[in-house]
Amino acid sequence: FSAPLSEENLTALRSIRQVDRVDVHSSAAGEVTYNLVPKNRQEVFSEVFSCLQNRSISPQRISVHQGELDEVFRQVTDKDIQ
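Residues numbered from 1 in each chain as written. Predicted model: local features only at pLDDT ≥ 70, side-chain atom pairs only at ≥ 80, totals over all residues. Heavy atoms only, no water.

Caption draft 1: Region of interest: the confidence of the model for the protein. Summarising the model, the protein shows a mean pLDDT of 81, and 85% of its residues fall at 70 or more. Averaged over each element, pLDDT in the protein is lowest for helix 3 (residues 69–77) (69) and highest for helix 2 (residues 45–54) (91). (pLDDT = per-residue confidence, 0-100. Helix = DSSP H or I, 4+ residues; strand = E, 2+ residues; numbered from the N terminus.)

Caption draft 2: Inspection of the pattern of salt bridges at higher detail. Scanning the entire structure with this criterion turns up two salt bridges. For R21, the salt bridge goes to D23, with nearest N and O atoms at 3.2 Å. Taking the relative accessible area as the measure of exposure, D23 reaches 22% and is therefore partly exposed. Among the salt bridges present, the one from E31 reaches R61, with a minimum N-O distance of 2.9 Å. With E31 in the loop between strand 1 (19–26) and strand 2 (32–38) and R61 in the loop between helix 2 and helix 3, this residue pair connects regions lying 30 residues apart in the sequence. E31 gets classed as partly exposed once you look at its relative accessible area, which sits at 30%. (Salt bridge = Lys/Arg side-chain N within 4 Å of Asp/Glu carboxyl O. Buried < 20%, exposed > 50% of the residue type's maximum accessible area, 1.4 Å probe, protein only.)

Encoded structure:
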């Protein structure tokens, strides 16, 4: 999802027990995107949505992605590709 970058947002997202990691990406246009990777491919949408609501974080956009080939590569090789 896209929302303002803040340490508070990042800490809150990392506290969700079903989330393995939170990746933050910034575009050249200044948009910040948080990619949440669930533990063991668990469904995390409702927990993330509750976390956002409880902290009055208003995301500009939310989307759910199925596993992608580059994510599988990272898991297998433990390396990041760009």
